Amino acid sequence: MASRNLTRDMSYGRPIGHILAFSLPLIFGNLFQQMYSMVDTIIVGQYLGVDALAAVGSVGSLQFLIIGFCTGSCAGLSIPVAQRFGAQDEDNLRRYVANSAWIALAMSVVITIVTVLLARNILVWMQTPENILEDAYAYFVVILAGIPTTILYNLASSIMRALGDSRRPLYFLILSSALNVVLDLVFILNFHMGCAGAAWATILSQLVSGVLCVVYMAKKLPILRMDREQWRPSAPHIKTLCGMGFPMGLQNSITAIGSVILSSSVNTLGSTAVASMTAASKVQMIFNCAYDAMGTTMATYCGQNLGARKLSRIGKGLRCAMGIMIGYSVVSLIVLYFLGTTIALLFVSPEETEILSNAHIFLVINSATSFLLAFVINFRYVIQGLGFSNYALFAGLFEMVARTLVAFLLVPHLGFPGACLANPAAWLAADCFLIPCYFAVMRKIRSRVQEVPDIPLPI
């Protein structure tokens with residue numbers, strides 16, 4: 001198959017070699033994706049002031065609730081593609097790709113209309129401070145209007161990654177991230193569009209990366225070239241895709257509900273606390289790119305190996321991924337303990353000493369417990385890659401409950417330090433469910449799948 005020269009089959013060879021080779025471009029891709037929101041925040045914070053920074057930050061959890069559903073669903077829609085690629089079943093692979101496109105189109109229309117109409121009401125329900133409400137709405141409503149561009153890029157890049165290609169999405173993101181920087185400066189400094197300008201820069205840049213992914217797939221991947229019959233909607237394929245895609249999207253949204261509740265609680269502490277959480281969260285997101293990349297890697301790795309019926313490789317890959325991420329968590333703790341405040345200066349001026357102090361507390365607490373996140377990410381994505389997205393959905397429920405308890409029990413009494421404990425509590429709660437769930441899933445798979453011996457081959 002000629003198109004496989006542009007992809008990566010991870011069902012043979014040394015697991016750690018595939019995992020590192022696949023995840024490193026993803027890490028850089030996630031970093032550039034973070035640049036969309038990070039550059040917005042830097043320019044907004046430095047040029048528009050603390051209130052504008054708080055306005056953009058106040059919708060962060062809402063973005064995760066809505067956009068997280070879209071991106072999680074797109075990732076889930078690609079899992080059957082990875083499994084059929086591992087099984088070398090090209091006909092059904094194409095049918096899954098085609099039907100995922102139909103699902104994505106329907107999602108884009110429905111979610112965009114509903115969320116744009118409710119945007120202002122949602123911000124009011126969240127008790128967004130009056131002094132930042134208008135800026136928050138101006139930013140939020142544009143981001144919501146750009147949901148189709150978000151879905152376009154995430155579905156296209158997820159399909160490419162399901163085929164083992166994590167490099168080309170990175171190249172397109174680098175280009176569009178550079179465009180995002182330029183548009184941010186033009187819209188905010190030259191056109192004086194305020195927070196809305198930052199949002200427009202984000203969605204236009206994401207549109208560019210999505211279009212580039214689609215053009216590349218159409219021209220360079222013959223394995224995805226479909227006839228009219230394969231393009232037709234298929235109820236069995238749609239049912240399978242929805243069963244894997246929507247639970248992953250809902251898992252993100254359920255997790256985000258806890259974050260929204262926590263954000264509402266932090267809003268009651270004032271705009272300084274909101275700005276502190278915004279700056280610290282942006283720094284943490286930079287360092288969390290490696291965890292997210294490893295999760296995507298493991299979903300693809302496990303999907304391909306399940307399709308190839310090489311179950312022993314799944315456990316080997318998980319152990320490799322955990323070793324890499326535990327080591328990374330130690331390094332990130334050291335870096336953030338000594339340099340976290342310095343990095344936070346990207347988002348706020350040095351005169352904002354209270355914000356910087358709060359940000360340092362958040363970063364130390366979260367990085368010291370980030371090994372818990374390593375377990376969450378790896379076990380969750382392995383379970384999802386094996387096709388048990390419904391199980392991973394419950395992990396999001398555990399996280400939501402933990403964050404909600406922190407919001408109601410700790411933030412009112414401890415203030416901002418209490419809010420810093422929300423992520424560690426959520427990660428621990430999810431781990432208590434995911435780790436035993438993984439072993440139960442593997443037992444179920446072994447009982448119904450005849451394993452193919454893994455014949456060592458060079459990568």
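Above this text you will find the structure in question.
Within each chain, residues carry numbers counting from 1 in the order of the written sequence. Totals for whole chains, interfaces and linings use all residues, but because this is a predicted model, local features are given only for residues with pLDDT of at least 70 and pairs of side-chain atoms are given and counted only at 80 or more. Values shown for side chains rest on all heavy atoms present in the structure; no hydrogens or waters enter the calculation.

Caption draft 1: Spatial organisation of the packing of helix 14 (residues 353-368) against helix 19 (residues 422-448). Contact geometry for helix 14 and helix 19: axes closest at 9 Å, N-to-C directions at 15°. With respect to each other, helix 14 and helix 19 are oriented roughly parallel. For helix 14 against helix 19, the interelement crossing comes out right-handed. Where helix 14 abuts helix 19, its residues Phe362, Ile365 and Asn366 lie against Asn423, Pro424 and Trp427. For the contact of helix 14 with helix 19, a count of residues per class yields 4 nonpolar, 2 polar and no charged. Every angle, taken between N-to-C directions, lies between 0 and 180 degrees, and every axis is a line fitted to C-alpha atoms, over only the stretch in contact when it is a helix. Numbering goes from the N terminus for both helices and strands, where a helix is a DSSP run of H or I of at least four residues and a strand is a run of E of at least two. These descriptions rest on fixed angle ranges, namely under 35 degrees for roughly parallel, over 145 for roughly antiparallel, 65 to 115 for roughly perpendicular, and the rest for oblique. Should the near helix be turned anticlockwise from the far one by less than a right angle, the crossing is left-handed, and should it be turned clockwise, the crossing is right-handed. Whether two residues touch is decided by their heavy atoms; if any such pair falls within 4.5 Å, the residues are in contact. Residues are sorted three ways: Asp, Glu, Lys and Arg are charged, Ala, Val, Leu, Ile, Met, Phe, Trp, Tyr, Cys and Pro are nonpolar, and all the rest, Gly among them, are polar.

Caption draft 2: Representation of the environment of Gly340. Checked against the element boundaries, Gly340 lands in helix 13 (residues 312-344). For the exposure calls, accessible area comes from a 1.4 Å probe over protein chains only, and a residue counts as buried if that area is under 20% of its type's maximum, exposed if over 50%, partly exposed in between. The buried category is assigned to Gly340, whose relative accessible area is 0%. Taking C-alpha positions, Gly340 is 33 Å from Ala119, a pair spaced 221 residues apart along the chain. The residues contacting Gly340, other than those within four sequence positions of it, are Val335 and Leu363.

Caption draft 3: Structural detail: the layout of surface pockets. Using protein atoms alone on a 1 Å grid, points that fit a 1.4 Å probe yet trap it form a cavity, whereas open point sets bounded by protein on both sides within 12 Å along at least five of seven lines form a pocket; residues with an atom within 4 Å of a point count as lining. Grid points are joined across faces, edges and corners, and a volume is the space filled by probe spheres set on the points. Within this model, the largest pocket holds a volume of roughly 410 Å³. Looking at the largest pocket, it is lined by 20 residues, and the ones nearest its centre are Ala101, Leu155, Val214, Met217 and Trp231. Counting residues per element, the ones that place at least two in the lining of the largest pocket are helix 5 (90-125), helix 7 (147-162) and helix 9 (194-220). Among the residues forming the lining of the largest pocket, the class breakdown is 18 nonpolar, 1 polar and 1 charged. A volume near 200 Å³ is recorded for the second largest pocket. Around the second largest pocket, the lining residues are Gln83, Arg84, Met244, Leu306, Gly307, Leu386, Gly387, Phe388, Ile445, Arg448 and Val449. Every element with two or more residues in the lining of the second largest pocket is listed here: helix 4 (79-86), helix 12 (271-307) and helix 19. Class assignment of the residues belonging to the lining of the second largest pocket gives a composition of 6 nonpolar, 3 polar and 2 charged.

Caption draft 4: View of the packing of aromatic side chains. Ring pairs are drawn from Phe, Tyr and Trp, using the six-membered ring of Trp, whenever the two centres fall within 6.5 Å, and their geometry is named by plane angle: stacked under 30 degrees, edge-to-face over 60, tilted for the rest. As enumerated under the stated definition, the model contains 11 aromatic pairs in all. Centre to centre, the rings of Phe375 and Phe379 are 6.2 Å apart; their planes meet at 10°, and the pair counts as stacked. Taken together, the positions of Phe375 and Phe379, both in helix 15 (residues 370-385) and 4 residues apart, correspond to about one turn of that helix. Using a relative accessible area of 8% as the deciding quantity, one classes Phe379 as buried. An aromatic cluster of three or more residues is present, and its members are Phe375, Phe379, Tyr438 and Phe439. The ring of Tyr137 carries the charged tip of Arg120 above its face, separated from the ring centre by 4.1 Å. Counted as over-ring charges are cases with an Arg CZ or a Lys NZ within 6 Å of the ring centre that also lie within 35 degrees of the ring normal.

Caption draft 5: Quick look at empty space enclosed by the protein. What the rule picks out here adds up to 2 cavities of 30 Å³ or more. The space that makes up the second largest cavity amounts to roughly 80 Å³. As for the second largest cavity, its lining consists of 13 residues, of which Gln284, Asn288, Leu336, Ser367 and Ser370 are closest to the centre. Of all the secondary structure elements, the ones that give two or more residues to the lining of the second largest cavity are helix 12, helix 13, helix 14 and helix 15. At 4 residues, helix 12 tops the list of elements feeding residues into the lining of the second largest cavity. When its residues are assigned to classes, the lining of the second largest cavity shows 7 nonpolar, 6 polar and no charged.

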